[in-house]
Amino acid sequence: DGIIQYIINKIAIPNKIFVEFGVETYSESNTRFLLLNNNWSGLVLDGCSKNIEFIKKDFTYWKYDLTAKQTFITKDNINELIANYTTIKDIGLLSVDIDGNDYWVWDAINVVNPRIVICEYNSIFGAVKAVTIPYKADYVKSNAHYSELYFGASLNAFCQLAEQKGYDFVGTSSAGVNAYFVRKDLSSPFKKFTSKTGFNESANRDSKGKKGELLFLRHHERMKVIENLPIYHIDTKSEGSIKSIFNQ
């Protein structure tokens with residue numbers, strides 16, 4: 001919240017609208033503070049019907065201008081989902097956090113041109129390689145690998161995509177989870193980073209074993225668990241195992 005407040009106080013936001021997906025119960029999210037304290041309005045999406053039911057029973061749903069929809073997000077339906085909510089292209093903020101096809105979904109979005117974009121990156125993949133999980137329309141992190149470490153994209157993958165879409169990378173959270181991008185026509189107040197200079201390593205130790213037990217693996221121990229799984233290398237437009245691509 002502090003990072004977002006800093007950004008929105010440096011740039012004009014004429015349309016205080018957000019879109020956030022992968023919100024779970026919306027108890028811990030990137031846009032809740034904007035809704036409650038800055039009087040923004042927005043659309044939140046999640047694939048779990050129980051999560052959406054929870055949101056609609058929360059006081060925020062009647063007290064603030066929030067729309068919640070249950071849907072499984074793909075690169076093929078995301079534009080329609082957003083367009084059905086708003087026809088305004090110049091929205092304030094887009095938050096991408098679905099623990100899976102995040103890179104491919106942001107790449108597909110063209111119905112809005114947000115001033116700020118926030119993406120969760122997978123810090124296991126480090127600061128240098130531009131990689132993402134291969135696109136799979138029905139991808140679910142808990143089904144993809146028991147460890148739940150195999151998801152999303154590297155920070156450099158998002159930085160390259162941001163550049164293509166007209167955004168500057170202005171930093172990550174110190175927790176090593178979220179990356180922040182500001183549209184180039186508005187980014188002059190901010191220091192710019194590369195994936196190397198702006199990288200923060202995640203301290204999360206939520207990796208799981210084959211029986212679903214927490215293993216508490218530290219950052220340098222995590223890649224070994226998923227090294228034989230496939231990864232897509234954006235620079236070479238090729239797919240290989242994590243081990244083979246990171247040993248190049």
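Use the structure listed above.
Residues take numbers from 1 onward in each chain, read along the sequence in its written order. In keeping with the model being predicted, local features are shown solely for residues with a pLDDT of at least 70 and side-chain atom pairs are shown and tallied solely at 80 or more, while totals for entire chains, interfaces and linings include all residues. Working from all heavy atoms in the structure, the side-chain values ignore hydrogens and water.

Visitor: Would you mind going over the state of the cysteines in detail, with residue names and values included?
Guide: Only a pair of cysteine sulfur atoms within 2.5 Å qualifies as a disulfide here. Overall, the coordinates contain zero disulfides when judged by the stated rule. Here Cys-159 stays unpaired: no disulfide links it, and the sulfur of Cys-119, its closest cysteine neighbor, is 9.6 Å away.

Visitor: Break down unusual backbone geometry for me, with residues and values.
Guide: Positive phi outside glycine occurs at Tyr-26, with the angle close to 65 degrees. Along the chain, the position of Tyr-26 falls in the loop between β1 (17-21) and α2 (32-37). With a phi angle near 60 degrees, Phe-216 is a residue other than glycine that sits in the positive phi range. Numbering of helices and strands starts at the N terminus; helices are DSSP runs of H or I of at least 4 residues and strands are runs of E of at least 2. Note that Phe-216 resides in the loop between β8 (178-183) and α9 (219-226).

Visitor: Before we move on, could you go through the nonpolar core and cite the residues and values that matter?
Guide: Core analysis: the largest hydrophobic core is formed by 33 residues, its most contacted members being Phe-21, Trp-106 and Phe-181. Sorting elements by how many residues they give to this core places helix α8 (residues 155-165) first, with six residues. Once you skip the residues sitting within four places of it in the chain, Phe-21 turns out to touch Leu-45, Ile-73, Ile-78, Leu-94, Ser-95, Val-96, Asp-97, Ile-98, Val-105 and Ile-109. Grouping buried Ala, Val, Leu, Ile, Met, Phe, Trp, Tyr and Cys residues that are joined through side-chain atoms within 4.5 Å yields what is termed a nonpolar core. Relative accessibility thresholds used throughout: buried, under 20% of the residue-type maximum; exposed, over 50%; partly exposed, between the two (1.4 Å probe, protein chains only). Leu-35, Trp-40, Ile-55 and Tyr-180 belong to the second-largest nonpolar core, a separate cluster that totals 25 residues. Here a residue-residue contact requires only that any non-hydrogen atoms of the pair lie within 4.5 Å.

Visitor: Now, about the packing of aromatic side chains: what can you tell me, with residues and values included?
Guide: Pairing of aromatic rings covers Phe, Tyr and Trp, the last counted by its six-membered ring, and requires centre-to-centre distances within 6.5 Å; plane angles under 30 degrees mean stacked, over 60 mean edge-to-face, and any other angle means tilted. Scanning all chains against the criterion turns up 10 aromatic pairs. Relative to Phe-190, the ring of Tyr-6 lies with its centre 6.1 Å away and its plane at 65 degrees, an arrangement referred to as edge-to-face. With a gap of 184 residues between them, Tyr-6 in helix α1 (residues 2-8) and Phe-190 in the loop between β8 and α9 connect regions that are remote in the sequence. On the basis of relative accessible area, Tyr-6 is assigned to the partly exposed category, the value being 46%. Residue Phe-190 is classed as buried on the basis of its relative accessible area, which comes to 7%. With a centroid separation of 6.0 Å and an interplanar angle of 65 degrees, the aromatic rings of Trp-106 and Tyr-167 are classed as edge-to-face. Taken as a pair, Trp-106 in helix α6 (residues 102-108) and Tyr-167 in strand β7 (residues 167-172) lie far apart in primary sequence, 61 residues in all. Residue class for Trp-106 comes out buried when judged on its relative accessible area of 2%. Overall, Tyr-167 belongs to the buried group, its relative accessible area being 3%. Each residue in the set Trp-106, Tyr-167, Phe-169, Phe-181 and Phe-193 is aromatic and connected to the rest through ring pairs, giving one cluster.

Visitor: Any details on the pattern of salt bridges? Residues and values, ideally.
Guide: The term salt bridge refers to a pairing of a side-chain nitrogen on Lys or Arg with a carboxyl oxygen on Asp or Glu at a separation within 4 Å. Applying the stated criterion across every chain, the model contains nine salt bridges. Notably, a salt bridge pairs Arg-183 with Asp-90, separated by 2.9 Å at the nearest N-O pair. With a gap of 93 residues between them, Arg-183 in strand β8 and Asp-90 in the loop between α5 (78-83) and β4 (93-96) connect regions that are remote in the sequence. Judged by relative accessible area, Asp-90 falls into the partly exposed class, the value being 21%. In this structure, Asp-99 engages Lys-141 in a salt bridge whose closest nitrogen and oxygen atoms are separated by 3.4 Å.

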